[in-house]
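What follows is the residue order along each chain.
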Amino acid sequence: MQSHDVDYKILGHDIQVLEVELDPNETVIAEAGAMVYMDEAIAFETKMGDGSEPDQGFMGKLFSAGTRLLTGESLFMTHFTHRGSFGKSRVAFSAPYPGTIIPLDLRTLPQGLIVQKDGFLAAARGTKMSIHFNQKLGTGLFAGEGFILQKLTGDGKAFIHAGGTIIEKQLNNELLRVDTGCVVAFEPSIDFSIARAGGLKSMIFGGEGLLLATLRGTGRVWLQSMPVKKLIQALAPNGGNSRKESGSILGNVVGGIFDE
């Protein structure tokens, strides 16, 4: 199915809102609960699946929707459609935590895009969402991003969300080591694995955690400066006082000793 050709605006700076403009009978899909406001002519319906295969039977839709549960997302998605007969109508979305919205044209990503489980915000109808299994079991068990990620494919616009500031990097047969929570998305040509964070002393007391994500190959990578886990940690009582120790396995213990 060819994706609907939607227009959009991104409003705001630190806490952004995505406003999508729809022509009559155009549809945008989004995660349940992401809608902020919509015009009178917009009708919405909660459905199983992304609608990329309209002729798919009930069992196929159930299977496709069920795979979303494996990524930690809702079984259902909300479809917003302009039901008027003329003009444009608008519907707006926001992510559940502060950050940056990234617009992507999937036509420039013929192999699709691998996205962390809570990174998807919205997309033009026709975008296919499927699961992507990380073939390296150790990465899924220890890297913090999970063994199962989401894959977006299609020929329309998709929008993903990142915490804090977004950094887009182009790797050219290079290796990049990243805090595991800072990986938002990457092209399938990139190999995603984990590596030990230095020696034993650095792993325990360095504040960067036991492991780092390793991104290797040629393709684009999107990173975030403030993963939601770090945001929660910073807002927690005494979170800012033990920031350096918080990433290590002994961080809370060591930090607690010096705080007393």
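For the structure given in this document, a descriptive report is provided here. (Residues numbered from 1 in each chain as written. Predicted model: local features only at pLDDT ≥ 70, side-chain atom pairs only at ≥ 80, totals over all residues. Heavy atoms only, no water.)

### Re the sheet that holds strand β5 (residues 42-48)
- In spatial order, the strands read β5-β6-β3-β10-β13-β8; together these six strands make up an open sheet with antiparallel pairing. Each of the sheet's edge strands pairs with one partner strand only, and the pair in question is β5 and β8 (99-105). Between one strand axis and the next, the sheet turns through 20° on average, direction left out of account.
- With three bridges connecting them, strand β10 (residues 120-124) and strand β13 (residues 157-163) associate as antiparallel partners. In the strand pairing of β13, A122 is matched with F159. (Pairing = 2+ DSSP bridges. Helix = DSSP H or I, 4+ residues; strand = E, 2+ residues; numbered from the N terminus. Axes fitted to C-alpha atoms, helices over the stretch in contact; angles between N-to-C directions.)

### Quick look at the side chain of T81
- Inspection of the secondary structure puts T81 in strand β6 (residues 76-82).
- Reaching out from T81, the side chain makes a polar contact with the side chain of T27 at a distance of 2.7 Å. (Polar contact = N/O pair within 3.5 Å; in protein donor to acceptor, adjacent residues only side chain to side chain.)

### Thoughts on the sheet that holds strand β1 (residues 7-11)
- Here four strands make up an open sheet; going across it, the order is β1-β2-β7-β4 and the pairing antiparallel. At either margin of the open sheet sits one strand with a lone partner, and together these are β1 and β4 (35-38). The average angle at which neighbouring strand axes cross in this sheet is 20°, direction not considered.
- Where β4 lies against strand β7 (residues 89-93), three bridges are found, and the strand directions are antiparallel. Across the sheet, residue M38 finds its bridge partner in β7, namely V91.

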